Every structure is written in structure tokens, then in C-alpha cells.
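What the coordinates show
What follows is the residue order along each chain.
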Amino acid sequence: MKIDGHDIDISNSDKVFFPDAGLTKGDLIDYYEQVASTMVPHMQHYGVSMQRFPDGIDGDSFYNKDTPDYFPDWIDTVNFPKREGGSFNAPVVKTQAGLVYLANQAVLTPHLYLARTDDLNHPDKMIYDLDPPEDTKDYSTVRAAALAIRDVMQELELDCWVQTTGSKGFHVIIPLDCSADFDAVREFAKDTARLLVRREPDKYTLEQRKSDRKGRVFLDMLRNAYGATAVAPYAVRAREEAPVATPIDWQEIEDGASPRDWTIKNLPRRLAQKEDPWASIRQHSYALTGRREQLHELLEQEKPAEEES
């Protein structure tokens, strides 16, 4: 296969990757080739942590942070220092060819770091990871949580975007201007979640221990950390039917969207019929300066209640 002037030797395209859906490695490669024009713009400024499944979802898998020596030199990399010392070279997908090459290397799911390659210490997004309460599939609870986060962000004059994870729930994203470091972003995200817990303590929690959540939605803001990643928009997940992490609009959340509504079978048709709901996200970037004071005022205005750490 020749893409962007690069020859890619496709291997084992008939190997079954999703047995229940009857989908092969070739189907995965075809999907990424089809959606690359929409997906790559969301990836091109970030290092990738590669989740690889050489024998499909029923086989062994592993995460590959460091770019293997045999990767071609036309795939860019970013040197990523580890906080504990040392570093690794994460691949950066800037072209259709790069995305297809990773798929051919059995990278089923690319995960993106939260800071751009030109400033790894200051994230350009804040993220909430919302899953339904343990042992349930009550997606109405996480849809409500996503809408609640959106509403409180609007009080702070912050717009946010949402996507299905293709797994259990939704991600809510707030684009930032890179002026705050990870610690400041995580603290702001935690304070916002604390506000929601104060307002609706029966619905939301900050308890990390699952046994202490008691049927409430955990407002997970822990991904806002150096070296953490989030699934790339339009990435395929290692689940039956090959679901896709899909950017959606808020009306779709209100209409009852579920985390696995879109798969590699129906996502290309969706993009042919509907503009990418995240097409404008890169045109927005917000500062947290000043909004911290607004947030603290909102916290103070709420009636004192028992608060979780």
C-alpha cells in the first residue's frame, strides 16, 4: 500500500481481530485509512501511547510507549522525559500514512498524552472520565453527569466537548491555553467536581474506592496528570463489535447516546453524513486564571455539607 508517498507492507490482513463481529486486521486498517482525514488533525500535536493486540482482542495485548527501532524514520517522535528519570520517544501521528502504519503494527487503540509535543508540562485540555456506577450499565447517570459538568463550566464561561469512550462511558473535555501546569489543572478539575458533589451529593462522588461510591457517579478527574493519556478521538476499542471512541454533540447526549453506539462498521457513514462535532475544538483555548476565584466563590455560596476528600 502506498500512502503519502510511503510504501507500507500490509501483513496478516486476514487475521481475525474481532471474532464475534467477524472483523479482521485488514478491516481495522481500512477503517483507519477511511477516517484519517478527520482523526489525524486531533492527533498530530500529541505523542501516542500504543495499545497493541498482535492476535486480536482475544489474544495478549501490551502498551508500547517507546517507538520501536524498526519504525520508519518518516514517523515523527517526541522525547518524553519520565518524572522518575530517563525518557522514551513517543510516536506522533501527523499523516494518514502514520495512522495506517500503526494499525498495521496492530495498534488497535492509540492513546494521546494530554499536553502538546511543544510543551509537555502544560496540558492543553482538562478531562473528566465518566463511567456508570459499578456493576451497572445505567448510562443515563453518566449522561446526566456530563451535562452537569457542562452546565457548571458554562457558569465559569468555559465551553466543553464530549465523546463516547467506546467502552463504559464518556469523556468531557475543556480546551486550555497551556498557561496552567498539570497540578493546577487537576486542582481546578477537582474543585469543580467538589462543587457538583456539594450540589448533588446523592448523585456524584469523589471517592476513589469503588466500595465507597454507593451507586453514585465518580467524577474522575485523575487523568489530569503528567504522563497520563486519554483515548484518541475516533480510536477503536478492544471490545466486541469494535466500538469507536466517538466525538458527539450535546444534543446527542440529551437524546440518549450510549458509549458504544458507533463502531468501525457505522462510523465512516456517520462522518459522511455529519460534520465532526469536534471540528472547532482546536479553535478554542481557555485560561483558568480568574476563573479560580469564580469557582471558589461558587463553592462558598453552596450550603455547607459533608464533603468527600
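Notes on the structure in this doc start here. Predicted model only: the values in this text are computed from it and were never measured.

Another point: the packing of aromatic side chains. All chains considered together, the criterion is met by 9 aromatic pairs. Ring geometry for F71 against Y101: centres 5.0 Å apart, planes inclined by 80°, an arrangement best described as edge-to-face. Of this pair, F71 sits in the loop between strand 6 (62-64) and strand 7 (76-81) while Y101 sits in helix 2 (residues 96-104), and the two are 30 residues apart along the sequence. For F71, a relative accessible area of 7% corresponds to the buried category. According to the relative accessible area criterion, Y101 is buried, its value standing at 9%. Taking 4.5 Å as the distance between ring centres and 40° as the angle between the ring planes, the aromatic pair formed by F80 and Y113 counts as tilted.

Moving on to the sheet that holds strand 16 (residues 247-248). As summarised here, the arrangement of the 4 strands in space is 10-12-11-16, forming an open sheet in which the pairing is antiparallel. Two strands in the sheet have a free side with no partner beyond their single neighbour: strand 10 (125-130) and strand 16. Across 6 bridges, the pairing between strand 10 and strand 12 (residues 170-175) is antiparallel. Its bridge partner lying in strand 12, D129 is registered against H171. Its contacts with the sheet place helix 3 (residues 139-155) against strand 10 and strand 12, and it is angled at close to 155° to strand 10.

What follows covers the environment of K168. Relative to the assigned elements, K168 resides in the loop between strand 11 (161-164) and strand 12. Its relative accessible area of 42% is what places K168 among the partly exposed residues. Each C-alpha atom of the pair K168 and D131 lies 5.6 Å from the other, and the pair is 37 residues apart in sequence. In contact with K168, other than residues within four places in its own chain, are D131, P132, Y139, R239 and P259.

On to the packing of helix 4 (residues 182-199) against helix 7 (residues 291-301), then. Axis separation between helix 4 and helix 7 bottoms out at 10 Å; the angle between their running directions is 25°. Comparing their axes, helix 7 and helix 4 come out roughly parallel. Crossing hand, helix 4 versus helix 7: left-handed. Side by side, helix 4 and helix 7 meet where A184, F188, D191, T192, R194, L195, R198 and R199 of the first sit next to R291, R292, L295, H296, L298, L299 and E300 of the second.

Time to look at the pairing of strand 5 (residues 48-52). Taken across its 5 residues, strand 5 has 5 buried, putting it largely inside the fold. Alternating positions in strand 5 separate into two faces, V48, M50 and R52 on one and S49 and Q51 on the other, with burial throughout. Across 5 bridges, strand 5 lies against strand 9 (residues 107-113) in antiparallel orientation. Note that in strand 9 the partner of S49 across the bridge is H111. Two elements, strand 5 and strand 6, share 3 bridges in a ladder whose sense is antiparallel. Among the inter-strand pairings, R52 is bridged to a residue of strand 6, identified as F62.

So, how was this worked out
- Residues numbered from 1 in each chain as written.
- Predicted model: local features only at pLDDT ≥ 70, side-chain atom pairs only at ≥ 80, totals over all residues.
- Heavy atoms only, no water.
- Phe/Tyr/Trp six-rings, centres within 6.5 Å; stacked < 30°, edge-to-face > 60°.
- Helix = DSSP H or I, 4+ residues; strand = E, 2+ residues; numbered from the N terminus.
- Buried < 20%, exposed > 50% of the residue type's maximum accessible area, 1.4 Å probe, protein only.
- Pairing = 2+ DSSP bridges.
- Contact = heavy atoms within 4.5 Å.
- Axes fitted to C-alpha atoms, helices over the stretch in contact; angles between N-to-C directions.
- Parallel < 35°, antiparallel > 145°, perpendicular 65-115°, else oblique.
- Left-handed = near helix turned anticlockwise from the far one by under 90°.

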